[in-house]
Amino acid sequence: MMPSLSASTLRFLKDLKVNNNRDWFQYNKPRYEAARGEFEQFIDALIVRIAQFDPSIAHFKAKDCVFRIYRDVRFSKDKSPYKIAMGAHVSSAAKRSEIHSRAGYYIHLEPGASMLAGGAYLPESGWLKAIRQEIDYNREEFKSILENKDFKKYFGEIDGEKLKTTPQGYPADHPEIEYLRMKSFLASTTCPDKLVTSADFLDHAANAFKALYPFDRFLNRSTE
């Protein structure tokens, strides 16, 4: 039987949202550990599926990719101690601290707001410059990736914060100026709770990420 995510895991996250305090969490620690264990099993199975088309991530385990549920509240006005979602980011980055240095595969589990996503989130200046150059040099390939029927089926259009001005080194009338103005290159698709808790969700996530792979590969290739 394929690993799946249960309604009880979503129910724990829903309850945590309205009881975001240490006393409640400690009392419900067994529920958290069961939910986390289930999520990690799912991510391990998903990594195996992703590795079939992207072998660069094959050596990772869920424990390398799943985010901590504890929030860093040192510089936040919101002092809630726990995140109200579970998340994992699978990429070929060597260290957890470098997850935003490579495009990868992100899964966000939250009642009513779950999603699958990927791409480059606010890449550092060197990578951003390289991505823009890659788009400039290979614009037809980039557009063909975004117009691929499977990519559009799952992710539609890419999104991301944009410059208000033209990036340095490119003319304002560049045919791909709207892509070149982007500061993030993100693809995402929402997942209703009914889908998340279905027996088909592992297949759905694997197929979505397979459709995402050429986009991630294009972004990562810019620095190779």
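Starting from 1, residues in each chain are numbered consecutively following that chain's sequence as written. With the structure being a predicted model, the display of local features is reserved for residues of pLDDT at least 70 and the display and counting of side-chain atom pairs for 80 or more, all residues being used for whole-chain, interface and lining totals. Excluded from the side-chain calculation are hydrogens and water; included are all heavy atoms of the structure.

(A) Representation of the pattern of salt bridges within the structure. Here, a salt bridge means any Lys or Arg side-chain nitrogen found within 4 Å of an Asp or Glu carboxyl oxygen. Across all of its chains, the model carries 17 salt bridges by this definition. Note that R31 is salt-bridged to D15, the shortest N-O span being 2.9 Å. Placement of the pair is R31 in helix 3 (residues 29–51) and D15 in helix 1 (residues 7–18), with a sequence separation of 16 residues. Any residue under 20% of the maximum accessible area for its type is buried, any over 50% is exposed, and the rest in between are partly exposed; the area is computed with a 1.4 Å probe on protein chains only. A relative accessible area of 30% places R31 in the partly exposed class. Where helices and strands are cited, they refer to DSSP runs of H or I of at least four residues and of E of at least two residues respectively, numbered from the N terminus.

(B) Representation of the packing of aromatic side chains. In this analysis, rings of Phe, Tyr and Trp, with Trp reduced to its six-membered ring, are considered paired at centre separations within 6.5 Å, and the interplanar angle assigns stacked below 30 degrees, edge-to-face beyond 60, and tilted for intermediate values. Under the counting rule described, the total for this entry stands at 18 aromatic pairs. A centroid spacing of 5.1 Å and a plane angle of 45 degrees characterise the contact between F25 and Y32, whose relative ring orientation is tilted. A relative accessible area of 0% places F25 in the buried class. Taking 5.3 Å as the distance between ring centres and 65 degrees as the angle between the ring planes, the aromatic pair formed by Y105 and F209 counts as edge-to-face. Taken together, the positions of Y105 in strand 2 (residues 104–109) and F209 in helix 10 (residues 201–221) put the pair 104 residues apart, joining distant regions of the chain. Each member of the aromatic cluster is reached from another via a ring pair, and the members are F142, F151, Y154, F155, Y179, F215 and F218.

(C) Local environment of the pairing of strand 3 (residues 114–120). Within strand 3, 6 of the 7 residues are buried, which leaves it mostly tucked inside the rest of the structure. Two elements, strand 2 and strand 3, share 5 bridges in a ladder whose sense is antiparallel. Opposite Y105, over in strand 3, you have G118 as the bridge partner. From the end of strand 2 to the start of strand 3, which pair antiparallel, there are 4 residues, and G112 there has a positive phi angle of about 75 degrees. Being paired, for any two strands, means DSSP has found at least two bridges between them. Pairing geometry for strand 3 and strand 4 (residues 185–191), over 7 bridges, is antiparallel.

(D) Looking closely at the environment of L16. Note on placement: L16 falls in helix 1. Sequence separation between L16 and N28 is 12 residues, and the spatial gap between their C-alpha atoms is 9.2 Å.

(E) Local environment of the pairing of strand 1 (residues 86–90). Burial of strand 1 is extensive: 5 of the 5 residues sit out of reach of the surface. Here strand 1 shows no split at all, with M86, A88 and V90 on one side and G87 and H89 on the other all buried. For strand 1 and strand 2, the ladder comprises 5 bridges, and the chain directions are antiparallel. In the strand pairing of strand 2, A88 is matched with I107.

(F) Fine view of the side chain of D136. The topology assignment puts D136 in helix 5 (residues 125–137). Excluding residues within four positions of it along the chain, D136 makes contact with Y170 and H174. Residue contacts are defined here by distance: any two heavy atoms, one from each residue, within 4.5 Å place the two residues in contact.

(G) Quick peek at the sheet that holds strand 3. With antiparallel pairing, the 4 strands of this open sheet are ordered in space as 1-2-3-4. Two strands in the sheet have a free side with no partner beyond their single neighbour: strand 1 and strand 4. Sheet twist, expressed as the average angle between the axes of neighbouring strands with direction ignored, equals 15 degrees. A fitted line through C-alpha atoms serves as each axis, taken over the contacting stretch for helices, and the angle formed by two N-to-C directions is quoted from 0 to 180°. Sheet strands in contact with helix 3 are strand 1 and strand 2, and its direction is about 25 degrees off that of strand 1.

(H) Here's a closer look at the nonpolar core. We define the nonpolar core as a collection of buried residues of types Ala, Val, Leu, Ile, Met, Phe, Trp, Tyr and Cys that are connected through side-chain atoms lying within 4.5 Å of one another. Counting 65 residues, the largest nonpolar core has F12, F39, I43, I158, F185 and F215 as its most contacted members. Residues contacting F12, with those up to four places away along its chain left out, are W24, F25, N28, R31, Y32, A35 and I69.

(I) How the structure looks around the packing of helix 3 against helix 10. The interhelical angle for the contact between helix 3 and helix 10, taken along N-to-C directions, is 40 degrees, at an axis separation of 10 Å. Relative to helix 10, helix 3 is oriented oblique. Helix-helix and strand crossings are classified by hand; for helix 3 and helix 10 the assignment is right-handed. Of helix 10, the residues touching helix 3 (which contributes F42, A45, L46, R49 and I50) are F201, L202, D203, A205, A206 and F209. Taken together, the residues that form the contact of helix 3 with helix 10 break down as 9 nonpolar, no polar and 2 charged. Roughly parallel refers to an angle under 35 degrees, roughly antiparallel to one over 145, roughly perpendicular to one between 65 and 115, and oblique to any angle outside these ranges. The handedness criterion is simple: a crossing whose near helix is rotated anticlockwise from the far helix by less than a right angle is left-handed, and one whose near helix is rotated clockwise is right-handed. Residues are grouped as follows: nonpolar covers Ala, Val, Leu, Ile, Met, Phe, Trp, Tyr, Cys and Pro; charged covers Asp, Glu, Lys and Arg; every other residue, Gly included, is treated as polar.

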